[in-house]
Amino acid sequence: YLYYSLYIIGIAVNFVVERGLFSEYTVSEFPKLEPYAFIFATGLATVAYFQFVRYFLHTKKYMPKWDLAHLWVVRINILVTLILFAILLFSFHVPISINVSNYLNLIGLLYGFVFIWYLIKQENKLSRFFIAGALALAIGTFVSLYFLITQKDLWFDPKYFMNAGTLIELLIFSLGLG
C-alpha cells in the first residue's frame, strides 16, 4: 500500500500543479518552485507506479524478467528526474524539462503497452484489474500526450483526458486491492 499511496500523492501533487493551485495557494510568493513541483510529482508518480506494479503483481516471484525491467524503469526515472532538477537549478529551462518529462511519459506508456500485452496472455485474475486500470490510464495519457506534443488546439485542457484515465485507473486498482 505504500507505493500505491505514494502514487496517489504524486498524482495529487501533479493535479494541483497543473491546475495552478500550487502556485496560487501554496507558494504564491515563489512561482519558480512550480516546475520543480511538477518534475517531482511526475517522477514520484512514475517510480511509485512501477514499484506498486512489482508488488501488486508479485513480479519478483512470478515474472522475474519483468521485475528486473520494472526496476530499470524505476532507476532510469529517478536518474532523469534528478537530471531535470539539475537543468532547472542551473539554467531554469522549463520547456526542456517539461518536454523531456512528457517524452519520458510517452516512452513509459509504450513500455506499459508491451507489459499489458504480456499480461493479457496470462491466466491471472489479479492481473485483470491491473490491465483494466492500466488501459484506462494509457488511453487517457496517450490522448493527452498526442494533443500536448502536436500542440493541437482544443476548447479545453487536453490533460483532462489523462486526469479521467487516472481517476478510472485508481478506482479499478482499489477494487483489485480490495
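None of these values were measured; they are calculated from a predicted model. (Residues numbered from 1 in each chain as written. Predicted model: local features only at pLDDT ≥ 70, side-chain atom pairs only at ≥ 80, totals over all residues. Heavy atoms only, no water.)

**Notes on the packing of helix 1 (residues 2-18) against helix 8 (residues 159-177)**
The interhelical angle for the contact between helix 1 and helix 8, taken along N-to-C directions, is 160°, at an axis separation of 12 Å. As far as their axial angle goes, helix 8 and helix 1 are roughly antiparallel. Between helix 1 and helix 8 the crossing geometry is left-handed. Between helix 1, through Tyr 4, Tyr 7, Ile 8, Ile 11, Phe 15 and Glu 18, and helix 8, the contact on the second element is made entirely by Lys 159, Asn 163, Thr 166, Glu 169, Leu 170, Phe 173, Ser 174 and Leu 177. (Axes fitted to C-alpha atoms, helices over the stretch in contact; angles between N-to-C directions. Helix = DSSP H or I, 4+ residues; strand = E, 2+ residues; numbered from the N terminus. Parallel < 35°, antiparallel > 145°, perpendicular 65-115°, else oblique. Left-handed = near helix turned anticlockwise from the far one by under 90°. Contact = heavy atoms within 4.5 Å.)

**Overview of the environment of Gly 178**
Tracing the backbone through its elements, the reader meets Gly 178 in the segment after helix 8. Here the alpha-carbon distance between Gly 178 and Pro 64, two residues 114 residues apart in the chain, equals 25 Å.

**Quick look at the pattern of salt bridges**
Overall, the coordinates contain two salt bridges when judged by the stated rule. Between Lys 159 and Glu 18 there is a salt bridge, and its shortest N-O distance comes to 2.5 Å. Of the two residues, Lys 159 is situated in helix 8 and Glu 18 in helix 1; the sequence distance between them amounts to 141 residues. Under the relative-accessibility criterion, Lys 159 is labelled partly exposed at 22%. For Glu 18, a relative accessible area of 22% translates into the label partly exposed. Residues Asp 67 and Arg 54 are paired through a salt bridge, measuring 2.7 Å at the closest nitrogen-oxygen approach. Of this pair, Asp 67 sits in helix 5 (residues 64-90) while Arg 54 sits in helix 3 (residues 34-56), and the two are 13 residues apart along the sequence. Under the relative-accessibility criterion, Asp 67 is labelled buried at 6%. (Salt bridge = Lys/Arg side-chain N within 4 Å of Asp/Glu carboxyl O. Buried < 20%, exposed > 50% of the residue type's maximum accessible area, 1.4 Å probe, protein only.)

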